[in-house]
Amino acid sequence: MSNRVNHQEIVKRLLDAKVVDFSAIGKTFAEIGPSLALADEPWEGWCGTMRGFIRILVVNPGLPGVENLGALRGATGELQK
Amino acid sequence: MTWMTKKRSSVVTEPEWNQQDLEWRLCHALDIAKQVVERLALNGYIDSADPGNNLRPEKLISETALLLFAASSAASHDTVKARIKTLAQMLIPHARSERMLLGVCLQPALAWDYAQAHVFLSRLGYQDAAFDQLLQQSADSQAKDGCERVPYRMLEQEWVRSNWNPSASRSRKLTRTSASNSVLNRSMDLLNGSREDIYAFTHALVYVTDFNVQPRRLPRSRSVILAEAEAALARCLEEQDYDLGGEVLLAWPLTCKSWSAAAAFGFRVLAGVEDKAGFLPAPNTRLQRLSELQGDDRTKYLLATAYHTAYVMGLLSAAALQPERTPPAQIPTSGAIDGSANKILAFFDAGAHRAHWLDELYKLKDAERDAVAGLLLTIVLRLNIKRREFGIVRKLLEVGYSMGLANSPVSSQAAEMLERLSIYTQVARARRSENQEEPGGAPPPSVALGPEARQN
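Residues numbered from 1 in each chain as written. Chains lettered and ligands numbered in written order. Predicted model: local features only at pLDDT ≥ 70, side-chain atom pairs only at ≥ 80, totals over all residues.

**Some remarks on the overall build of chain A**
Summing up its helical and strand segments, chain A has four helices and zero strands in all. Going from N to C terminus, chain A has its helices and strands arranged as α-α-α-α. Across the 81 residues that make up chain A, the buried fraction comes to 5%. (Helix = DSSP H or I, 4+ residues; strand = E, 2+ residues; numbered from the N terminus. Buried ≥ 20, exposed ≤ 12 C-beta atoms within 10 Å, placed from the backbone.)

**Some details on helix α21 (residues 390-402) of chain B**
With 13 residues, α21(B) ought to run about 18 Å at 1.5 Å a step, and its terminal C-alpha atoms sit 18 Å apart, in line with that. A positive backbone phi angle near 75 degrees is found at B:Gly404, which sits one or two residues after α21(B). (Expected span 1.5 Å × (residues − 1).)

**Describing the nonpolar core**
Looking at soluble globular proteins, one finds that nonpolar side chains tend to be buried together. All names here are of chain B. By size, the foremost hydrophobic cluster in this structure holds 134 residues, and its most contacted members are Leu 26, Ala 71, Ala 204, Leu 233, Leu 249 and Val 372. Per-element accounting of this core gives the leading share, 16 residues, to helix α16 (residues 295-321). If sequence neighbours within four positions are ignored, Ala 71 has contacts with Leu 26, Leu 30, Val 80, Ile 84, Gly 314 and Ala 318. (Core = buried A, V, L, I, M, F, W, Y, C linked by C-beta atoms within 7 Å. Contact = placed C-beta atoms within 7 Å.)

**Notes on the interface of chain B and chain A**
Interface size is often expressed as the accessible area that is lost when the parts come together. The interface of chain B with chain A comprises 24 residues on the first partner and 19 residues on the second. Top contributing element to the side of chain B that touches chain A by residue count: helix α2 (residues 19-40) of chain B, with four residues. For the side of chain B that touches chain A, the residue count by class is 12 nonpolar, six polar and six charged. (Nonpolar A, V, L, I, M, F, W, Y, C, P; charged D, E, K, R; others polar.)

**Some remarks on the confidence of the model for chain A**
Residues and elements named next belong to chain A. Per-residue pLDDT for chain A averages 70, and the proportion of residues at 70 or more is 58%. For chain A, the element scoring lowest by mean pLDDT is helix α3 (residues 43-47), at 45; helix α4 (residues 69-75) scores highest, at 90. This stretch, residues 42-52, has a pLDDT under 50; its non-local contacts, to residues over four places away or in other chains, come to nine contacts. (pLDDT = per-residue confidence, 0-100.)

**Describing the environment of B:Val410**
Residue and element names in this part refer to chain B. Its place among the elements puts Val 410 in helix α22 (residues 409-437). Spatially, the C-alpha atom of Val 410 lies 9.6 Å from that of Ala 232, the residues being 178 residues apart in sequence. If we ignore the near neighbours within four places in the chain, the residues touching Val 410 are Leu 190, Ala 231, Thr 378 and Leu 381.

**Observations regarding the packing of helix α6 (residues 111-123) of chain B against helix α7 (residues 129-139) of chain B**
Residue and element names in this part refer to chain B. Their axes nearest at 11 Å, the elements α6 and α7 cross at an angle of 155 degrees. As the angle between them shows, α6 and α7 are arranged roughly antiparallel. For the element pair α6 and α7, the recorded crossing hand is left-handed. On α7, the residues that touch Ala 111, Ala 115 and His 118 of α6 are Phe 131, Leu 135, Ser 138 and Ala 139. Split by residue class, the contact of α6 with α7 holds five nonpolar, two polar and no charged. (Axes fitted to C-alpha atoms, helices over the stretch in contact; angles between N-to-C directions. Parallel < 35°, antiparallel > 145°, perpendicular 65-115°, else oblique. Left-handed = near helix turned anticlockwise from the far one by under 90°.)

Here is the structure:
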């Protein structure tokens, strides 16, 4: 149970340090996107599957827990008998 | 209905499972279904803020028909019978709408998907010869099989078709080829498998057993399948995934006349959650979002995010209402080993997470708690494998083995994993040595072993 890393903390520190310039990434995408969209390369190339483009992945964070049961009962009159 | 009033009161802590209770739960699901058909059957639901909640009308129409079909096995109860009649009549125009007819007409490979609600309504006595005529044409067309499907989806197609013309189906004693190819006929990956794998398992089981109307032979022995169902149940309880957990619990009433201690406990957890929330909730119903919406928008959001889990509780209650399929009022304690639950729980670190199953566990008598020690072992094994605390996993297996609890698919898969890790460690060490001998050689990535393992 020990020796765990707090991923949220690491991500926050990286964001606070402005390690990633999201504006610059967006600008670059906007500039090269149209030509890449018409290129002969497969669509997967754009996602970086075969080439080293920047990869933006939305990783499934998993299911959140269900809400507080008592609060659900209080807020969901339509489903109560 | 004095009892029902008591049951839903917070004063009563030990709900009793009887026919009235199950009937109430099934009727509750049917009442929710009525609202779902009224509000969502025409256009489905579009959630601009969270597309994951989008719902196609065909899906909920088919699922409502499935709930009706399952509920029909409990139609001897007048309250259920009346609701089936009302709901079926509400569903018919949607199940046989022009949209559905066009789907059957233009996409023969998807004809049984579009026709599913029609088929089950027909099975309940609400027939439509014109729809049947078009369906027959589509089912006989060249393109009828022009869609690649995984085995459990193939089973679904066969199941719907056999319900369309049940008298023409071949011997029910035969095991379907699709069932033999499905997850029902092979060991699931119980430690790293996906939610979709369990989904395939639960659905295949429903299709093979036909809600006990005309069940077919299972491709593997029932005891092996139920042992895997227990492992899947442990995962669902721990993750508070009651949608899938309810489907997993169907494995008991759909395959046998007895509920294991773990299954009885699982049912108890779900019923307790339903009693507290007023319906069996899913994680995608968010209170914050509810508070931001009003009127029809709010009701539609609530129904779209909550209906499926509510339906699952209805399916489970319907199956449990069948003769000799009712879950026991108390956890069966035969075979319980004194003190076994506490020995397993000594390895359990709940952290900040307070699971509903844990609340329910602490309400049990000692012997009942010991009766579900095997389920606890599965939960704690999975948690520690997820955390890569392999040293604890080894100790857990030793403790489980010493108490005769390790004879389960999860324990044997965990033991296999430790064996593989042992080989991995040897390979990694050898490579590390080789790399260190080479100037500038980088060490290989190492598996994150927990502190317990590092000590050993």
